[in-house]
Amino acid sequence: LLLAAATLGPRLGVGLVAVLLAAGFLGLPLFAAGGGPAYWGYPSAGYLLGLLPAAAIVGIGLQRLYARPTHWFKTPMAYLGLALLAVLAVQVCGALYLLGMLLAKRLDLAEVLRWVQVLGLRPLPYDWALACAALAAVRWLRLTLWVFLH
């Protein structure tokens, strides 16, 4: 989804993520365990919601990066920074959702800490690597899809 947001830009990218999340929460089997309104009770729902700010960060960041000329070294560093910010946005939203589940007494502290480890900390390096790979592919995709995007 970050690749789509980076390729389509901030408005269309966030819109696409919002439509896909809405469709999944309404019942289409788009998530790992299916979909539907019951998915709001899953600990991973917050991480899914974190894709919205992540898409906005990537879309706006790349739009600003493309708007001004930069030194050749700064562009890869900007991609790495945007990927890190996007992954952190997903992690923060997921952790806040788990905190809400703890405060609502739907999970106890041990379960919340386990879910933070399983859904947040353990996959963090892989998420960042995949986000970096997606952003690295964006320039090629934007050039290829230029006819359709403009």
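Preceding this paragraph is the structure being described.
Analysis parameters
- Residues numbered from 1 in each chain as written.
- Predicted model: local features only at pLDDT ≥ 70, side-chain atom pairs only at ≥ 80, totals over all residues.
- Heavy atoms only, no water.
- Phe/Tyr/Trp six-rings, centres within 6.5 Å; stacked < 30°, edge-to-face > 60°.
- Helix = DSSP H or I, 4+ residues; strand = E, 2+ residues; numbered from the N terminus.
- Buried < 20%, exposed > 50% of the residue type's maximum accessible area, 1.4 Å probe, protein only.
- Lys NZ or Arg CZ within 6 Å of the ring centre and 35° of its normal.
- Core = buried A, V, L, I, M, F, W, Y, C linked by side-chain atoms within 4.5 Å.
- Contact = heavy atoms within 4.5 Å.

Draft legend 1. Molecular detail of the packing of aromatic side chains. Throughout the structure, instances matching the rule amount to five aromatic pairs. Between the aromatic rings of Phe25 and Trp40, the centroid separation amounts to 4.1 Å while the plane-to-plane angle is 10 degrees, which identifies the pairing as stacked. Within this pair, whereas Phe25 is found in helix H2 (residues 10-26), its partner Trp40 is found in the loop between H2 and helix H3 (45-49), the two being separated by 15 residues in sequence. A relative accessible area of 7% means that Phe25 is categorised as buried. Relative to Tyr42, the ring of Tyr39 has its centre 4.3 Å away and its plane inclined at 20 degrees; by these criteria the two rings are stacked. Residue classification places Tyr42 among the partly exposed residues on the basis of a relative accessible area of 33%. By the ring-pair criterion, three or more aromatic residues cluster together here, those being Phe25, Phe31, Tyr39, Trp40 and Tyr42. The lysine or arginine in question, Arg114, covers the ring of Trp115, its NZ or CZ lying 4.8 Å from the ring centre.

Draft legend 2. View of the nonpolar core. Phe25, Leu48, Val58, Leu62 and Leu135 are the most contacted members of the largest nonpolar core, which totals 32 residues. When residues of this core are traced back to their parent elements, those giving at least two are helix H1 (2-8), H2, H3, helix H4 (51-67), helix H5 (74-103) and helix H7 (124-144). No other element matches the nine residues that H5 contributes to this core. Residues within four places of Leu48 in sequence aside, it is in contact with Leu21, Phe25, Phe31 and Tyr39.

Remember that the coordinates give geometry; whether it matters functionally is a separate question.
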